[in-house]
Amino acid sequence: MELNYTEQERYYQAKKRVEAIKGFYGNLIAYLVFNLFFLVLNLLTSPKELWFYWPLLGWGVGVLFHGMKVFNYSPFLTKDWEERKINEFMEEEKRNATKWQ
């Protein structure tokens, strides 16, 4: 029974990871398509005033952080970090509770 639960849990985690990766690639494709559109629109309507790079930069930062989270490139954006922080806060609360008894 325990082995079956472990397999189900691993499947669920793998499925969540695949969904996160799909979400990232969808975001990346939308970023590329829309920013290409903004570049063409900018060059056709007002080539002397370049503004296309503002959405390129702003959205690019979002895509960068999304990729960092999905592919675990930052210690502050991973689930592992969240779990460690939760455990740290729980231990701190336990220490404080026993300190005053």
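The model shown is predicted, which means the values in this text are computed figures rather than measured ones. (Residues numbered from 1 in each chain as written. Predicted model: local features only at pLDDT ≥ 70, side-chain atom pairs only at ≥ 80, totals over all residues. Heavy atoms only, no water.)

### A look at helix α2 (residues 53-70)
Okay, step 1: Over its 18 residues, α2 extends 25 Å from the first C-alpha to the last, a length consistent with the 26 Å expected when each residue adds 1.5 Å.
Okay, step 2: Buried residues of α2: Gly 60, Val 63, Gly 67, Met 68 and Val 70, and no others.
Okay, step 3: Within two residues after α2, Asn 72 carries a phi angle of roughly 55°, on the positive side. (Helix = DSSP H or I, 4+ residues; strand = E, 2+ residues; numbered from the N terminus. Expected span 1.5 Å × (residues − 1). Buried < 20%, exposed > 50% of the residue type's maximum accessible area, 1.4 Å probe, protein only.)

### A closer look at a nonpolar patch on the surface
Okay, step 1: Side chains of Leu 43, Leu 50, Tyr 53, Trp 54, Leu 56 and Leu 57 sit close together on the surface and give an oily, nonpolar patch of about 570 Å² of accessible area.
Okay, step 2: Among the elements that line the nonpolar patch, the one with the most residues is α2, at 4 residues.
Okay, step 3: The partly exposed category is assigned to Leu 43, whose relative accessible area is 43%. (Patch = residues over 30% accessible without salt bridge, like charges linked within 9 Å, V, L, I, M, F, W, Y side chains within 5 Å. Areas by Shrake-Rupley, 256 points an atom, 1.4 Å probe, with all protein chains shown as cover. Salt bridge = Lys/Arg side-chain N within 4 Å of Asp/Glu carboxyl O.)

### Overview of the confidence of the model for the chain
Okay, step 1: Averaged over every residue, the pLDDT of the chain is 86; the share at 70 or more is 86%.
Okay, step 2: Taking the mean pLDDT of every element in the chain, the minimum, 77, falls on helix α3 (residues 79-99) and the maximum, 94, on α2. (pLDDT = per-residue confidence, 0-100.)

### Some thoughts on the pattern of salt bridges
Okay, step 1: Evaluated as defined, the whole model comprises 2 salt bridges.
Okay, step 2: Of the charged contacts, one joins Arg 10 and Glu 7 as a salt bridge, the two residues approaching to 2.6 Å between their closest N and O atoms. In this pair, Arg 10 and Glu 7 both sit in helix α1 (residues 2-45), 3 residues apart, roughly one turn of the helix.
Okay, step 3: Given a relative accessible area of 37%, Glu 7 falls into the partly exposed group.
Okay, step 4: Lys 22 is paired through a salt bridge with Glu 19; the nearest N and O atoms lie 3.6 Å apart. In this pair, Lys 22 and Glu 19 both sit in helix α1, 3 residues apart, roughly one turn of the helix.
Okay, step 5: By relative accessible area, Glu 19 is classed as partly exposed at 43%.

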